[in-house]
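Fold and contact review
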Amino acid sequence: MSKNTLRVALTGLVVGIVTAANAATVPDYQASSHWFTDGQASVSEKSALSREDVTAKNVILFVGDGMGISTLTAARILQGQQAGEEGEENLLSFEAFPYSALIKTYNTNQQTPDSAGTMTAMMSGVKNKAGMLNIGSDGLRADCASSKGNEMATFLDLMESEGRATGVVSTARITHATPAATYARIAERNWESDDALTDEARSNGCKDIADQLVSYGIGDGIDVVLGGGRRHFITADEGGKRTDGRDLTAEWQEKYPQGVYVETGSELAAIDPTATDKLMGLFAASHMSYETDRVASGADEPSIADMTGTAIDVLSKNDNGYFLMVESGRVDHAHHAGNAYNALNDAIALSDAVQAAVDKVNLEDTLILVTADHSHVFTIAGYPTKGNPILGKVVGNDASGAAESTPVLAADDMPYTTLGYTNGLGFADLGTETDADVRYGSAGDNGRKDLSAVDTQTPGFHQEALIPLGSETHAGEDISLHAIGAASYLVQGNVEQSTLFHLMTRATAVSPAE
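Residues numbered from 1 in each chain as written. Predicted model: local features only at pLDDT ≥ 70, side-chain atom pairs only at ≥ 80, totals over all residues. Heavy atoms only, no water.

**Concerning the packing of aromatic side chains**
This is how the line gets drawn: Classification of ring pairs rests on two measures: the distance between centres of Phe, Tyr or Trp rings, Trp counted by its six-membered ring, which must be within 6.5 Å, and the angle between planes, read as stacked under 30 degrees, edge-to-face over 60 and tilted in between. What counts as a helix is a DSSP run of H or I of at least four residues, what counts as a strand is a run of E of at least two, and both are numbered from the N terminus. Exposure classes here rest on a 1.4 Å probe applied to the protein chains alone. A residue is buried below 20% of its type maximum, exposed above 50%, and partly exposed in between.
Following the criterion strictly, the structure yields four aromatic pairs and no others. With 4.9 Å between their ring centres and 85 degrees between their planes, Phe 155 and Phe 323 make a pair best called edge-to-face. Of this pair, Phe 155 sits in helix 7 (residues 155-161) while Phe 323 sits in strand 7 (residues 322-328); the two residues are 168 residues apart in sequence, bridging distant segments of the chain. The buried category is assigned to Phe 155, whose relative accessible area is 0%.

**A few points about helix 17 (residues 499-508)**
In terms of burial, helix 17 is largely enclosed, as seven of its 10 residues are buried. Within helix 17 the residues assigned to the buried category are Leu 500, Phe 501, Leu 503, Met 504, Thr 505, Ala 507 and Thr 508. Two residues or fewer past helix 17, Ala 509 is found with a positive phi of approximately 60 degrees.

**Some details on the packing of helix 4 (residues 69-82) against helix 16 (residues 340-360)**
For clarity, the cut-off: Lines fitted to the C-alpha atoms define the axes, with helices restricted to the stretch that makes contact. Angles between their N-to-C directions range from 0 to 180 degrees. Each angle is binned into one of four classes, with values under 35 degrees roughly parallel, values over 145 roughly antiparallel, values of 65 to 115 roughly perpendicular, and all other values oblique. Residues are treated as being in contact if the distance between any of their heavy atoms lies within 4.5 Å. Three categories are distinguished: nonpolar for Ala, Val, Leu, Ile, Met, Phe, Trp, Tyr, Cys and Pro, charged for Asp, Glu, Lys and Arg, and polar for the others, with Gly belonging to the last.
Look at helix 4 against helix 16: their axes get within 9 Å of each other, and the N-to-C directions meet at 80 degrees. Regarding the angle of helix 4 to helix 16, the classification is roughly perpendicular. Note on element contacts: helix 16 touches helix 4 through Leu 344, Asn 345, Ala 347, Ile 348, Ser 351 and Asp 352, opposite Thr 71, Ala 74, Ala 75, Leu 78, Gln 79 and Gln 82. Residues of the contact of helix 4 with helix 16, tallied by class, amount to six nonpolar, five polar and one charged.

**Points about the pattern of salt bridges**
Close approach of charged atoms allows side chains with opposite charge to pair. The condition that has to hold: By definition here, a salt bridge exists when the distance from a side-chain nitrogen of Lys or Arg to a carboxyl oxygen of Asp or Glu is within 4 Å.
Evaluation of the coordinates by the stated rule reveals 25 salt bridges. Note that Arg 242 and Asp 244 form a salt bridge whose closest N and O atoms lie 2.8 Å from each other. On the basis of relative accessible area, Asp 244 is assigned to the partly exposed category, the value being 32%. As a salt-bridge pair, Glu 291 and Arg 294 come within 2.9 Å of each other at their nearest N and O atoms. Of this pair, Glu 291 and Arg 294 both sit in helix 13 (residues 291-297), three residues apart, roughly one helical turn. Of the two residues, Glu 291 and Arg 294, both sit in the buried class.

**Examining unusual backbone geometry**
Of note, Asn 134 is a non-glycine position whose phi angle comes to about 55 degrees, a positive value. The topology assignment puts Asn 134 in the loop between helix 5 (115-124) and helix 6 (144-147). With a phi angle near 65 degrees, Ala 142 is a residue other than glycine that sits in the positive phi range. Note that Ala 142 resides in the loop between helix 5 and helix 6.

**A closer look at the state of the cysteines**
Quick note on the threshold: The disulfide criterion used throughout: a pair of cysteine sulfur atoms within 2.5 Å.
In total, this model carries one disulfide according to the counting rule given. Across the disulfide, Cys 144 is cross-linked to Cys 206 (sulfur-sulfur distance 2.0 Å). Between Cys 144 and Cys 206, the disulfide has an S-S torsion of 100 degrees and is therefore right-handed. With Cys 144 in helix 6 and Cys 206 in the loop between helix 9 (199-203) and helix 10 (209-214), the pair connects residues that are 62 residues apart, well separated along the chain. On the basis of relative accessibility, which here comes to 0%, the residue Cys 144 falls in the buried class.

**Topic: the nonpolar core**
Rule in force here: Side-chain atoms within 4.5 Å are what join buried Ala, Val, Leu, Ile, Met, Phe, Trp, Tyr and Cys residues into a set we call a nonpolar core.
If you look at the biggest cluster of nonpolar residues, it comprises 119 residues, and the most contacted ones within it are Leu 61, Phe 62, Phe 323, Ile 368 and Leu 369. In terms of residues, this core owes the most to one element, helix 16, which gives 12 residues. Not counting residues up to four positions away in its chain, the partners in contact with Phe 62 are Thr 308, Val 326, Leu 350, Ala 353, Val 354, Ala 357, Ile 368, Leu 369, Val 370 and Thr 371.

**Let's talk about the sheet that holds strand 14 (residues 465-468)**
The following threshold applies: When DSSP locates at least two bridges between a pair of strands, those strands are taken to pair.
Pairing within the open sheet is mixed, and its three strands lie in the order 10-11-14. The sheet is open, and its two edges are formed by strand 10 (378-380) and strand 14, each paired on a single side. Averaged over all adjacent pairs, the angle separating strand axes in this sheet is 20 degrees, with direction ignored. Bridge count between strand 11 (residues 419-424) and strand 14: three bridges; the pairing is parallel. Bridging from a neighbouring strand, Gly 424 pairs with Pro 468 of strand 14. Lying on the sheet, helix 4 is in contact with strand 10 and strand 11; it crosses strand 10 at an angle near 50 degrees.

**Describing a nonpolar patch on the surface**
The condition that has to hold: Each patch is built from residues that are more than 30% exposed by relative accessible area and take part in no salt bridge. Like charges join if they lie within 9 Å; nonpolar side chains (Val, Leu, Ile, Met, Phe, Trp, Tyr) join within 5 Å. Note on areas: these come from Shrake-Rupley sampling with a 1.4 Å probe, and a residue is covered only by the protein chains present in the view.
Together, Leu 466, Ile 467 and Leu 469 make up an exposed nonpolar region whose accessible area comes to about 280 Å². Along the chain, Ile 467 falls in strand 14.

**What about the confidence of the model for the protein chain?**
To keep things clear, this is the line we draw: Along the chain, pLDDT gives the predictor's confidence residue by residue, from 0 to 100.
Confidence in the prediction of the protein chain, expressed as mean pLDDT, is 93, and 93% of residues score 70 or more. Counted against residues more than four places away or in other chains, residues 1-20, with its pLDDT under 50, gives seven contacts. In the predicted structure, residues 435-444 sits below a pLDDT of 50 and forms 17 contacts with residues beyond four places in sequence or in another chain.

**Focus: the packing of helix 14 (residues 304-315) against helix 16**
The line we're drawing: By definition, turning the near helix anticlockwise from the far helix through less than a right angle yields a left-handed crossing, and turning it clockwise yields a right-handed one.
Helix 16 packs onto helix 14 with a crossing angle of 25 degrees between their chain directions and a minimal axis gap of 8 Å. Between helix 14 and helix 16, the angle falls in the class roughly parallel. Judged by the twist between their axes, the crossing of helix 14 over helix 16 is right-handed. Residue-level contacts link Ile 304, Ala 305, Thr 308, Gly 309, Ile 312 and Asp 313 of helix 14 to Ala 349, Leu 350, Asp 352, Ala 353, Ala 357 and Lys 360 of helix 16. Grouping the amino acids of the contact of helix 14 with helix 16 by side-chain chemistry returns seven nonpolar, two polar and three charged.

**Observations regarding the side chain of His 376**
Spelled out, the test is: Distance and chemistry together define a polar contact, namely a pair of N or O atoms within 3.5 Å, with one atom able to donate a hydrogen and the other to accept it when in protein, and with adjacent residues in sequence counting only for side-chain atoms on both sides.
By the secondary structure assignment, His 376 is in strand 9 (residues 375-376). On the accessibility criterion, His 376 (2% relative accessible area) is buried. Within polar-contact distance, the side chain of His 376 engages the side chain of Asp 332 at 2.7 Å. At 3.4 Å, the side chain of His 376 forms a polar contact with the backbone oxygen of Thr 473. Contact partners of His 376, with chain neighbours within four places excluded, come to Gly 66, Asp 332, His 335, His 336, Glu 472, Thr 473, His 474, Ala 475 and Glu 477.

Following this line, the structure appears as structure tokens:
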């Protein structure tokens, strides 16, 4: 039997397969599928991308704290479903960026990292231990003396030294680990104000994070500071935590007499960016509200998109360029509480802020980066039918592949949700209450709950967890980095988190060393 005869014999029963004498063709019903045409368009778009070696005048770094890849997936589906779509085909604004990479997040002493170590890596180009901000790994956590001589410069420092404008924005306390890593050098991330300093730290001259922010002296100082954490800048008599009698908000205003200090969203909206060179806004005593709580309560706080837009307007007046870091800090807090509702909605709010930045800047001279510092033990599981509410219970498909009408039951004859956590406080049904500080039973009471009569899509629903802990933990897998604009082609591959610093210095032609 010849080779051609054998080939025909083996494939003759398969409809549409042709003999070796003919060329294989894609049938019309295949080529007309939107999956097929969308894929073609995507590849064509990628092949047309320019890789010109353009220097970035400006850099905007967005950090979704705890915004791992499973969070992105669930958030994109939720955003699509909020728009009346099935959700799976949706993309968050930055997921459509042309360049992306995977980032390895471990600290030098932990497989699963914390925000201090991960943001230090991004800002300094050097990985370090968990809990320390811009202190090399020869230092010891919470040991002031060991930090001396191990302080590291940050990308924000370098941009200030070059005469460029700088800004730090966060929905968390502005003294919290991620925003603090842009400007502070300290052996303990929890030394946010002087009340937390140890006797050893005081005796060795370590300054708390809020103090370091206000006394920051590189260049002409940080130009825009917007976020929460007012309590770390004022005394107990004023409702704060400081024990040294200092009002750092007043000191900031004395330092920058032409600067503008605000405490509400209304005040921020009323400023004139064209006449404002220095801006500080502290909008909450501790962290700012979750986005959905902010809207529902009518709290006079700006959205993360509002803060981003105002910061860009102020910073862009500097002809030399600027660096802006924007953190969506409360994605992380909602995950720690086991509350996917707020984690996903705050991730969507960050996506809106990214889009606001894209719409406002010139991408020919601006590099926009979107990443996370680490992920969480947050899962998307079961076999829900396509379009099933991402916050809902799993509804599967029947033997023919069609959606069933009732939720799937687990081996214990109870329904379960698509979203869950490997560890944490576990199930709670708080209705419309979403405050992460609410406690809802002991961590040991973490067994399976009958969700049959529970609305799992309410703001106050907290997903079940497998392992009972007092707080859900970070996870150790890679996170993503997305890039658009000047020099964005540098973002590719699987890289150490510390490489992000070098991407920014390379893109801006800022020298990281003498």
